[in-house]
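Residue strings, one per chain:
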Amino acid sequence: MAATSQKITTFLMFEGQAEEAMAFYTSLFDDAEVLDITRYGPGEPGPEGTVQHAVFSLAGQQLMCIDSPAKHDFGFTPAISLFVQCDSEAELDRLYEALLEGGAALMPLGSYGFSPKFGWVSDRFGVSWQLNLPA
């Protein structure tokens, strides 16, 4: 497993969609890559081939994810979100549209007084993203 230099790392738990989510997220950012992935093998607790543990990076920030072998009665909540400071309005618009596909708008793109342009979405995996264009 790739070592992380961060003391605190965001950890995302999926139920069979970790690899799809990781591939989607890393496709959205120029500085993004899967750093390490370990899959469940035959006879292990999770379905064979699903993600036992993975580390990926988005814009220099490392995250971890797994496919939980156990079903659970909870999912992601907007109370925790990934906050992205966008470099341009074009980047913000592109990320918003990509993340919104199959997801839901929590705050549509607009000016809310604290930013010239801001949007908050829950993506198709249930992960929440706040996209901000700094003043």
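Keep in mind that what you see is a predicted model, and the values were worked out from it rather than measured.

**Describing the packing of aromatic side chains**
- Under the defined criterion, the tally for this structure stands at 10 aromatic pairs.
- Between phenylalanine 29 and tryptophan 129, the ring centres sit 6.3 Å apart and the planes meet at 25 degrees, which makes this aromatic pair stacked. Remark: tryptophan 129 occurs in strand 8 (residues 128-133) and phenylalanine 29 occurs in the loop between helix 1 (18-28) and strand 2 (32-39); sequence separation between them is 100 residues. Tryptophan 129 shares its class with phenylalanine 29; the two are buried.
- An aromatic cluster is present here, built from Phe14, Phe24, Tyr25, Phe29, Phe76, Phe125 and Trp129 joined pairwise through their rings.
- Over the ring of phenylalanine 24 we find arginine 124; its NZ or CZ atom is 4.1 Å from the centre of that ring.

**Side note on the UniProt feature "domain: PhnB-like" (unreviewed entry) in the chain**
- In the numbering adopted here, UniProt assigns the feature "domain: PhnB-like" (unreviewed entry) to residues 6-131.
- Across residues 6-131, the secondary structure splits into 18% helix and 40% strand, with the terminal C-alpha atoms separated by 23 Å.

**As for the sheet that holds strand 5 (residues 81-85)**
- Across the sheet, which stays open at both edges, the four strands sit in the order 5-8-7-6 with mixed pairing between neighbours. Looking along the sheet, the strands with just one partner apiece sit at the ends: strand 5 and strand 6 (104-110). Sheet twist, expressed as the average angle between the axes of neighbouring strands with direction ignored, equals 10 degrees.
- For strand 6 and strand 7 (residues 117-122), the ladder comprises four bridges, and the chain directions are antiparallel. Across the sheet, glycine 110 pairs through a bridge with phenylalanine 118, a residue of strand 7.
- On top of the sheet, helix 2 (residues 89-100) reaches strand 5, strand 6, strand 7 and strand 8; it is set at about 20 degrees to strand 7, its chief contact.

Rules of the game
Residues numbered from 1 in each chain as written. Predicted model: local features only at pLDDT ≥ 70, side-chain atom pairs only at ≥ 80, totals over all residues. Heavy atoms only, no water. Phe/Tyr/Trp six-rings, centres within 6.5 Å; stacked < 30°, edge-to-face > 60°. Helix = DSSP H or I, 4+ residues; strand = E, 2+ residues; numbered from the N terminus. Buried < 20%, exposed > 50% of the residue type's maximum accessible area, 1.4 Å probe, protein only. Lys NZ or Arg CZ within 6 Å of the ring centre and 35° of its normal. UniProt positions renumbered as here; feature names shortened; annotations may be inferred. Pairing = 2+ DSSP bridges. Axes fitted to C-alpha atoms, helices over the stretch in contact; angles between N-to-C directions. Contact = heavy atoms within 4.5 Å.

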